[in-house]
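Results of the structural survey
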Amino acid sequence: MDIHGFAQINATHVVLIDGRHHCLRMLDRVTSHIVVLAGTCGTPGYSDGLIGTGKFHNPNSVVVDTRNSGQVLVTDSANNALRSVSISTGEVRTVIDSGFELPQGLLWAGDHLLVTNNVYISSVRWLDNGTVVNYIVAFSRPGDVYGTTDESKVRRSSNLVRLREKMFLVDDTGSRKLKLVDFNEGRVKPFCIYQEDDCTTNSSALPIPAIKAPMLKVGDETIYVALATSVYKLKGESSESGFPVECPDSGNATIYIIPGRRKLTFSLDNGLTIDLSEGHYTLPKDDGPLLCKEHFNVMKSPIVRRLSFKSVYEVRCNLLEYDSDTRIVLRNTLLHRRSQLLTACGEDCTMSNNMMPFSECTDGQLTVYWPTDVMFPIDVHQPPTELVNRLEQRIEAIDSMINMEIFILYHSPPVIAAAKGPNNKAVQVTLYSACANNRKSYDVERDVCV
């Protein structure tokens, strides 16, 4: 399905234009169920009738008929016609088939319907005697010219939106500009995009694509413009001919998958979450007064930060390798402490089965790490404060762990208490960093893998 336009007909149902398949569909917003409403999906043509008989050729836009809420009006672009569709039966009828040239956008303006054609705007009116007439109200031939509605030109127009009484904004996609049509003065003017104090009318401020640029007005001073890669929100104090707009460049940020997992759980602005594998993504982002798009990469973290318990002891390093008995006693002591730390983990962690307790001894300081199974990506440098507080409270509740003593043969004394850290605790809750690629080494000073 290739949605070219839509119209909400009530609180639960939306009519969708499936332009690629030349038909209309009905979406039930409650059940998310979609059914064919009108036309013959997959078969272009030009005929009136019910589903399977009536045909469109590249339907483009749809609006509810303000004269009859039981039907919608549709621009049938390739057939140069305006068609009606009954919401209850799906019957297609031709309203008018003259005066159009590739009709696209639709907009009610009082009792008449404005239609954007390839290079002009026409107006459809229903006379008291039931006759439907269509006449040109702006532009004449293709070009990029401002002036009176008779003199001015657009290269290709597909959509329009009402700014205020008899004043409309038109997308000239052929010229890559937005243009202001002022029927009060009978003129077409440049539409300013204000960046700081400067006014610009070209695509450098708002990159109008060479295809249809859907626009939606919400309230009195807000217009959404959907472009090829972003949805811009034009909002603020407007002059007669422009709005300020700015959409910050999100760049290409990198978000890392938590080590040990295959996907990243990403939170959307609407509160929902999605799971993303490695790759490049573009998602809508509501950035205050703007509705833009966020570009980012998802990749595996090159550095693994593992939640660990750490204690430091003042020892003579040469005693640790004195003989095999010394090494065995130290290992058993660390494993005993590991089982106690498992209790301290509670529901927040478990002790790692892939990494046993290990130690490093330099310059008379023995540093011991007890790794857990909780890991963080490269952009996390400290464990969450709430997690640290919970773990520290559980450790303090175990009397034998307050000083976190270890036993070392031939040391005097053989029982050694851990040195108190900056928080005056014998056990520190920290992150131990290592390279995800085992063939690389972690450089502590530069926090990189080499």
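You'll find the structure just up there.
Conventions we followed
Residues numbered from 1 in each chain as written. Predicted model: local features only at pLDDT ≥ 70, side-chain atom pairs only at ≥ 80, totals over all residues. Heavy atoms only, no water. Helix = DSSP H or I, 4+ residues; strand = E, 2+ residues; numbered from the N terminus. Buried < 20%, exposed > 50% of the residue type's maximum accessible area, 1.4 Å probe, protein only. Contact = heavy atoms within 4.5 Å. Disulfide = S-S within 2.5 Å. Pairing = 2+ DSSP bridges. Axes fitted to C-alpha atoms, helices over the stretch in contact; angles between N-to-C directions. Phe/Tyr/Trp six-rings, centres within 6.5 Å; stacked < 30°, edge-to-face > 60°. Patch = residues over 30% accessible without salt bridge, like charges linked within 9 Å, V, L, I, M, F, W, Y side chains within 5 Å. Areas by Shrake-Rupley, 256 points an atom, 1.4 Å probe, with all protein chains shown as cover. Salt bridge = Lys/Arg side-chain N within 4 Å of Asp/Glu carboxyl O. Core = buried A, V, L, I, M, F, W, Y, C linked by side-chain atoms within 4.5 Å.

Here we look at the environment of R155
Counting through the fold element by element, R155 comes out in the loop between strand 13 (147–148) and strand 14 (157–164). Overall, R155 belongs to the partly exposed group, its relative accessible area being 44%. Taking C-alpha positions, R155 is 8.1 Å from R141, a pair spaced 14 residues apart along the chain. Residues in contact with R155, not counting those within four places in the same chain, are N118, V119, G143, D144, D172, G174 and S175.

What to know about the state of the cysteines
Evaluation of the coordinates by the stated rule reveals 4 disulfides. Between the sulfur atoms of C23 and its disulfide partner C41 the distance amounts to 2.1 Å. When the S-S torsion is 95°, as for the bridge of C23 with C41, the disulfide is right-handed. Here C23, found in strand 3 (residues 23–28), pairs with C41, found in the loop between strand 4 (33–39) and strand 5 (59–64); they are 18 residues apart in sequence, far enough to count as distant. C23 gets classed as buried once you look at its relative accessible area, which sits at 0%. Each sulfur of the disulfide joining C345 and C349 lies 2.0 Å from the other. Between C345 and C349, the disulfide has an S-S torsion of -95° and is therefore left-handed. Classification of C345 as buried rests on a relative accessible area of 0%.

Brief notes about the sheet that holds strand 8 (residues 92–96)
Across a sheet, strands are paired by hydrogen bonds formed along the backbone, either parallel or antiparallel in direction. Strand order in the open sheet made by the 4 strands is 5-6-7-8, with antiparallel pairing throughout. The open sheet has two edge strands, strand 5 and strand 8, and neither has a second partner. Neighbour to neighbour, the strand axes of the sheet diverge by 30° on average, direction disregarded. Bridging between strand 6 (residues 71–76) and strand 7 (residues 81–86) involves 6 bridges; their strand directions are antiparallel.

Points about the pairing of strand 3
When a strand is regular, its side chains alternate between the sheet's two faces. With 5 of 6 residues buried, strand 3 is to be regarded as a mostly interior element. As defined by bridge partners, strand 2 (residues 13–18) adjoins strand 3 across 6 bridges and the pair is classed as antiparallel. Looking at strand 3, one finds that V14 is bridged to L27. The hairpin formed by strand 2 and strand 3 contains 4 residues between the paired strands, and H22 there has a positive phi angle of roughly 60°. Where strand 3 lies against strand 4, 6 bridges are found, and the strand directions are antiparallel. Note that in strand 4 the partner of D28 across the bridge is H33. If you look at the hairpin formed by strand 3 and strand 4, you'll find 4 residues sitting between the two strands, and S32 has a positive phi there, around 65°.

Side note on the packing of aromatic side chains
This model, assessed by the stated rule, comprises 8 aromatic pairs. Between Y281 and F296 the ring centres are 5.9 Å apart and the planes differ by 25°, which places this aromatic pair in the stacked class. With Y281 in strand 27 (residues 279–287) and F296 in strand 28 (residues 290–300), this residue pair connects regions lying 15 residues apart in the sequence. The class for F296 is buried, based on a relative accessible area of 0%.

Describing unusual backbone geometry
The residue after S412, namely P413, is reached through a cis peptide bond having omega -5°. Looking at the element boundaries, P413 is found in the loop between strand 32 (406–407) and strand 33 (415–416). Although it is not a glycine, L102 sits at a positive phi angle of roughly 55°. One can find L102 in the loop between strand 8 and strand 9 (106–109).

Remarks on a nonpolar patch on the surface
On the surface, a nonpolar cluster with roughly 400 Å² of combined accessible area is contributed by M1, I3, F6 and I34. As for its position among the elements, F6 is in strand 1 (residues 3–8).

Concerning the pattern of salt bridges
Counted according to the given criterion, the structure contains 20 salt bridges. Where salt bridges share partners, they join D144, D172, K177 and K179 into one cluster.

Focus on the nonpolar core
Membership of the largest hydrophobic core comes to 31 residues, with the highest contact counts inside it found for L307, F309, Y313, L341, W370 and M404. Those elements that place two or more of their residues in this core are strand 29 (303–314), helix 1 (324–345), strand 31 (365–376), helix 2 (385–396) and strand 34 (428–435). Contacts of Y313, omitting those with residues within four sequence positions, involve G364, Q365, L366, V368, W370, M404, I406, I416, A417 and A418. Formed by 15 residues, the second largest nonpolar core is a distinct cluster that contains A109, V137, A138 and V170.

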